[in-house]
2 protein chains.
Amino acid sequence: MSSGVWFQTLGLVIWLCFLGPTQGGKILVVPIDGSHWLSMKILVKELVHRGHEILVLVPETSMLIHGSEKYKTEIYPVPYTKDELEGKIHTIKEAVFVNEPGIFYLFQSVQHIVDFTMIQVKGCERLLNNQSLMTRLRGEGFDLLLTDPFLPCGSILAHTFSIPAVYFLSSLPCNLHLQANRCPSPVSYVPVYFSENTDVMTFPQRFKNMLMSFLQSYICKTLYAHFDDLVSRKFGDITTYKDLISHGAIWLIRYDFAFEWPRPLLPNMVLIGGLNCAKKAPLPADLEEFVDGSGDDGFIVFTLGSMVSNMPEEKAKQFFDAFRQIPQRVLWRYTGVPPKDVPKNVRLMKWLPQNDLLAHPKAKVFITHGGTHGIYEGICNAVPMLMFPLFGDQSDNVHRMVARGVAEKLTAHDVTTEKILDALNKLIYDKSYKENIVKLSQIHLDRPMEPLDLAVFWTEFVIKHKGAAHLRVAAHDLNWIQYHSLDVIGFLLIIVLTVLWVMIKCCLFFTRKFFSKGTSKRKSE
Amino acid sequence: MSSGVWFQTLGLVIWLCFLGPTQGGKILVVPIDGSHWLSMKILVKELVHRGHEILVLVPETSMLIHGSEKYKTEIYPVPYTKDELEGKIHTIKEAVFVNEPGIFYLFQSVQHIVDFTMIQVKGCERLLNNQSLMTRLRGEGFDLLLTDPFLPCGSILAHTFSIPAVYFLSSLPCNLHLQANRCPSPVSYVPVYFSENTDVMTFPQRFKNMLMSFLQSYICKTLYAHFDDLVSRKFGDITTYKDLISHGAIWLIRYDFAFEWPRPLLPNMVLIGGLNCAKKAPLPADLEEFVDGSGDDGFIVFTLGSMVSNMPEEKAKQFFDAFRQIPQRVLWRYTGVPPKDVPKNVRLMKWLPQNDLLAHPKAKVFITHGGTHGIYEGICNAVPMLMFPLFGDQSDNVHRMVARGVAEKLTAHDVTTEKILDALNKLIYDKSYKENIVKLSQIHLDRPMEPLDLAVFWTEFVIKHKGAAHLRVAAHDLNWIQYHSLDVIGFLLIIVLTVLWVMIKCCLFFTRKFFSKGTSKRKSE
């Protein structure tokens, strides 16, 4: 490292350290369980570090959100047990490995998500009816509410307490966040969810994109019906969840154009994609030894996200059989019953430090389900990916990575040993995958500011200025007809047609006059 | 200043110093004369400081672009004299003080601008035909071209030499930059030039906005006719200037939402509004003495931009008479013939350090023409403004400041002593103006990164990655019909109508069958 770079780093460290806690605010955090929380926690911890006082609201059934010395938590009762919640998640997971992707599965998934969110909506309702807790929270005088709008409780609380909301998310089902924030998304080049399009489309693809956008509108209504119901019961003047979240001051979106297709944005959308892969820790000694021992062949990291660490036995067998035939070592987060003859090059683990492993120079392939966290870690560390989309936005995420030539896709329902081997061989021995992901990684990491600093900055901005009204487009005050100027176009058409009609009438009148004169003249002659 | 803030500043300085020259690139700069150059020069100097090699192309008739020790310049001959150029500018300036704003003046202004740019287009053509210079420039192997696309020469050179272009601008007449970059601008809430609308519009205002957008399309064709002609003669495959500049890698736009209305953006648009008011120098001793001596009444800074330092005698008299009646001191950039009885509180100057003066705590009002540079300096330093829009985008700029309650507007053609006094009294003694501009200033200055650093970062990004293709929307490959999905909508309509037609035909067929059977049955009975 040159002395210039050392001084750069030193300067940056001093600057960041003493940028320090400037104005401590009181922040109420309403997180979403699962991987959503894992990246939000990074921001929460940084906000604590910068002197803000944080209270995290946690449902008693929480799986990944636990108390901490760094921030306060408030655990509230919900009308469902952990088993019931896990049952719902199990239904979603189980369907993944047996159903063929397609329109039927899409509708089934929507129903599963509705079932899953419905009980959480009930949990939220219980919280809102918890008068003593609500009074206490209101009395705290929070400056800001930080939430993931995947579930409605956070935005309802922000509106109830009249405090500005900062949204932290990857995306919302059927892009509700973009609709709510009135962000233009021309269907001619912005691919719709599940359309399997890129941003460059042929006529049939654009046709499909439009049809999918209609389908999306229908799905949207079904998905958010319980949210809308809760919101309209809670607030008389706001009747839909979309309207409620449209009041968000800042949208911190885990989005980056090394991953997503370029598209229009609005001023209050702050892109913080890759926030989760900044911090790297050294590997535990045994893991370090295992991966170092992989030699030139390197190793493969295999996880299917925080929710799925298991799969049906016959599916797992396909993987074990494939791994048996390759020289690479494999680290696999797998909590299922292992077969008797687990190959020697495979190490099964209940949990693994994904980002730290991917950062190791011998990491050759990342087998992932295509969640956004994993994808950003793959891009950050420039590791080609073998992808098994399971649910939600994952199939779209995977499609993007495959289109960029940095990944291969297989589907969980029909995976075979041959398919896995074929894909792994391509990813490891065809140099183009590595070259493409290195380029993508360079573009992703070459950014004017670290995503975490950006997220902190805008959160503090909203605290200091009590919102960010100057970034909110006036489109929010327009209905659909006004937004698309259809009333103005209609009025213009009426004027044009009236003028045309008057002109034609006049012409006809004078023509008749002229001819009738001519006729009477002839008659008189 | 607390010790924390000192360390912050120290850390930032060290970081910025040693971020230093990392990868020196070769940059060809094609600037636009006048105030456009004054802010571009700030970026050019910073790029030199960071180790880049810069060559600035200067026409021999230049007014404000001079050689420098810091960067190389190449002066090229043009087929017009400085007197001819100044004559064109004089025509524009003269019209300002006599013509009433309105549709007639708008068309006259367009003609003046066409006359002004036409001779510069000829200068550009001479440069392009200067074979020896062109060969030499091509041989230099530039990595990047930095230009203001207000005139076409820079983008033509970038395309000729096949190097990426970074555009540095405030805006282009009739928003050609937004059209070229395919940035959505819904007329329902994005005010069109000269519409005098804000982002919140009534129905009649939206109607006017749409009519103005039609007018703008016509003006656009007239304004850029010579550019289109030059471009289509130079490149067979590109026929309009809009198409040529659509290839720009990054658009560095002097734009900020403390000043502009919030609107959609595209990923390759980098907002660097306020870049020009970062650096402040101490005032010269005599000026310091003059403004310090203004006591509690403070002083007024009066300039009408780099192009206008003079006005007809009877207009100037209105100002002198007004200034005679106020307790504030006035610093006026005025090169006209002064009257015999210049008031004692007025100091006339050929040039004045505008930003340094506005930064003085005793600055009470800034009398300005509403150019973007001056406006940002007014906002930075939180000084309320008395505005006299002269030409171009200034009337829109002024309208925005007035709508935000930080400025008063007067028109140059009918200014009187009474009007000036009335406006100054409002700005000085009605506290709301100062309060509003302080809020605006705080929002403007509270930003994650300094505009100059952002401009440097993206310029270097384009050098390192040979462009920024990942930020370019796919809309560029679509024509107007495809972009608005009119072909898809048309096709859908055909399908729906065909299905309807077939259904109606079937119904009619079976109805007829049914009735004919009934009739024949009745007949047989």
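Each chain has its residues counted from 1, following the order in which its sequence is written. Written order decides the labels, with chains lettered from A and ligands numbered from 1. Since the coordinates come from a predicted model, pLDDT governs what is reported: local features require at least 70, and pairs of side-chain atoms require 80 or more to be given and counted, while whole-chain, interface and lining totals use all residues. With hydrogens and water stripped out, all remaining heavy atoms of the structure feed into the side-chain values.

## A closer look at the overall build of chain A
Step number 1: On a plain count of helices and strands, chain A comes out with 20 helices and 13 strands.
Step number 2: Viewed in the frame of its principal axes, chain A has a C-alpha envelope of about 120 × 60 × 55 Å.
Step number 3: Residue contacts are defined here by distance: any two heavy atoms, one from each residue, within 4.5 Å place the two residues in contact. A fraction of 66% describes how many contacts in chain A between residues 6 or more apart in sequence connect residues 24 or more apart.
Step number 4: In this description, accessible areas are obtained by the Shrake-Rupley approach with a 1.4 Å probe, and a residue is regarded as covered only by the protein chains that are shown. About 23400 Å² of surface is accessible on chain A, with carbon and sulfur atoms providing 59% of the total.
Step number 5: One way to put it: in chain A the 54 positive side-chain charges average out to a point 9 Å from where the 51 negative ones average out. We count a stretch as a helix when DSSP gives it H or I for four or more residues in a row; a strand needs E for two or more, and each element gets its number in order from the N terminus. In this tally, Asp and Glu contribute negative charge and Lys and Arg positive charge; neither His nor the terminal groups of the chain are included. By convention, charge coordinates are those of NZ in Lys, CZ in Arg, CG in Asp, or CD in Glu.

## Let's talk about the relation of the copies chain B and chain A
Step number 1: You can overlay chain B on chain A at an RMSD of 0.0 Å; the transform is a turn of 180° with a shift of 0.0 Å along its axis. Read as a symmetry element, the transformation amounts to a two-fold axis.
Step number 2: A share of 100% of interface residues in chain B that are also interface residues in chain A marks the association as one of identical surfaces. Copy-to-copy superposition: least squares on the C-alpha atoms, limited to residues that have pLDDT of at least 70 in both copies.

## Topic: the interface of chain B and chain A
Step number 1: Tallying the contact residues gives 59 residues for chain B and 59 residues for chain A.
Step number 2: By convention, the term buried area covers the 1.4 Å-probe accessible surface removed from two parts as they join, with the contributions of both added. Together chain B and chain A conceal approximately 5200 Å² of surface at their shared face, both sides included; 73% is due to carbon and sulfur atoms.
Step number 3: Each reported salt bridge corresponds to a side-chain nitrogen of Lys or Arg within 4 Å of a carboxyl oxygen of Asp or Glu. One can count four salt bridges joining chain B with chain A.
Step number 4: In this structure, Arg206(B) and Asp487(A) form a salt bridge, with 2.5 Å as the shortest nitrogen-oxygen distance.
Step number 5: For the side of chain B that touches chain A, the elements supplying multiple residues, two or more each, are helix H1 (3-19), helix H8 (203-223), helix H17 (431-445), helix H18 (451-465), helix H19 (480-483) and helix H20 (486-524) of chain B.
Step number 6: With nine residues, the top contributor of residues to the side of chain B that touches chain A is H1(B).
Step number 7: We call Asp, Glu, Lys and Arg charged. Ala, Val, Leu, Ile, Met, Phe, Trp, Tyr, Cys and Pro are nonpolar, and the rest, Gly among them, are polar. Its residues assigned to classes, the side of chain B that touches chain A comprises 41 nonpolar, 10 polar and eight charged.

## Here's the deal with the state of the cysteines
Step number 1: Sulfur atoms of two cysteines make up a disulfide when they are within 2.5 Å. Under the definition given, this model contains six disulfides over all chains.
Step number 2: Between the sulfur of Cys174(A) and that of Cys220(A) lies a disulfide, 2.3 Å long from S to S. Across the S-S bond of Cys174(A) and Cys220(A) the torsion is about 80°, and the bridge reads as right-handed. Note that Cys174(A) is positioned in the loop between strand S5 (165-169) and helix H7 (176-180) and Cys220(A) in helix H8 (residues 203-223), a separation of 46 residues in sequence. Of the two residues, Cys174(A) and Cys220(A), neither departs from the other in class, the shared state being buried.
Step number 3: Look at chain A and number its bonded cysteines as they come in the sequence; the links are 1-2, 3-4, 5-6.
Step number 4: The thiol sulfur of Cys506(B) is not disulfide-bonded, and the nearest other cysteine sulfur, from Cys507(B), lies at 7.0 Å. Only protein chains enter the area calculation, which uses a 1.4 Å probe; residues under 20% of their type maximum are buried, those over 50% are exposed, and those in between are partly exposed.

## A look at the environment of Lys426(B)
All names here are of chain B.
Step number 1: As for its placement among the helices and strands, Lys 426 is situated in helix H16 (residues 417-429).
Step number 2: For Lys 426, a relative accessible area of 34% gives the class partly exposed.
Step number 3: Separated by 42 residues in sequence, Lys 426 and Ala 468 have C-alpha atoms that sit 48 Å apart.
Step number 4: Aside from chain neighbours lying at most four places away, what touches Lys 426 is Glu 408 and Tyr 433.

## Describing helix H15 (residues 394-403) of chain A
Step number 1: Looking at H15(A), one finds that the buried residues are Gln394(A), Asp396(A), Asn397(A), Val398(A), Arg400(A) and Met401(A).
Step number 2: Where H15(A) terminates, the next one or two residues include Gly405(A), which has phi positive at roughly 70°.

## Digging into the side chain of Thr160(A)
Step number 1: With respect to the helices and strands, Thr160(A) occurs in helix H6 (residues 153-161).
Step number 2: If near-sequence neighbours (up to four positions away) are discounted, Thr160(A) is found in contact with Met134(A), Arg138(A), Lys234(A) and Phe235(A).

## Focus: the pairing of strand S2 (residues 53-59) of chain B
Residue and element names in this part refer to chain B.
Step number 1: When you tally the buried positions in S2, you get six out of seven residues, the bulk of the element.
Step number 2: Strand pairing is assigned whenever DSSP detects at least two bridges linking the two strands. Of the strand pairs in this sheet, strand S1 (residues 26-30) and S2 are connected by four bridges, and their pairing is parallel. Each residue of the ladder has a partner; that of Lys 26, found in S2, is Glu 53.
Step number 3: With helix H2 (residues 35-49) bridging S1 and the parallel S2, this β-α-β connection has right-handed handedness.
Step number 4: Here S2 pairs with strand S3 (residues 72-76) via five bridges, running parallel. By the bridge assignment, Pro 59 is partnered in S3 with Tyr 76. The crossover handedness rule: strands pointing away from the viewer, path from first strand over the helix to second strand clockwise, crossover right-handed.

## Notes on the UniProt feature "transmembrane region" (unreviewed entry) in chain A
Step number 1: Mapped onto the present numbering, the UniProt feature "transmembrane region" (unreviewed entry) falls at residues 488-511 of chain A.
Step number 2: Annotated as residues 488-511 of chain A, this span is 100% helix and 0% strand, and its ends, taken at the C-alpha atoms, are 34 Å apart. UniProt positions are given in the numbering used here, feature names are shortened, and annotations may be inferred rather than shown by experiment.

## Observations regarding the domain arrangement of chain A
Accessible area lost during the coming together of the parts is what is often quoted as the interface size.
All names here are of chain A.
Step number 1: The domain boundaries here were taken from an automatic or database domain assignment. Segmentation of chain A into domains returns domain 1 (21-277 + 450-467) and domain 2 (285-445).
Step number 2: For domain 1 versus domain 2, the separation of C-alpha centres amounts to 28 Å.
Step number 3: Across the contact, 36 residues belong to domain 1 and 35 residues belong to domain 2.
Step number 4: Note on domain 1 versus domain 2: buried area summed over both sides is about 3000 Å², and carbon and sulfur give 62% of it.
Step number 5: The largest contributions to the domain 1 side of the interface with domain 2 come from Phe 97, Ala 258 and Phe 259, which together make up 28% of the buried area.
Step number 6: Across the contact surface, domain 1 and domain 2 share two salt bridges.
Step number 7: For Lys 409, the salt bridge is made with Glu 196, and the minimal N-O distance between the two is 3.6 Å.
Step number 8: Here a polar contact is recorded for every N or O atom pair within 3.5 Å, except that within protein the pair must consist of a potential hydrogen donor and a potential acceptor, and residues adjacent in sequence are included only if both atoms are side-chain atoms. Linking domain 1 to domain 2 there are 14 residue pairs in polar contact (both at pLDDT 80 or more).
Step number 9: Listed by contribution, the elements that provide at least two residues to the side of domain 1 that touches domain 2 are helix H2 (35-49) and helix H3 (82-98).
Step number 10: Looking at which element gives the most residues to the side of domain 1 that touches domain 2, the answer is H3, with six residues.
Step number 11: Looking at the side of domain 1 that touches domain 2 residue by residue, the classes come out as 17 nonpolar, 13 polar and six charged.

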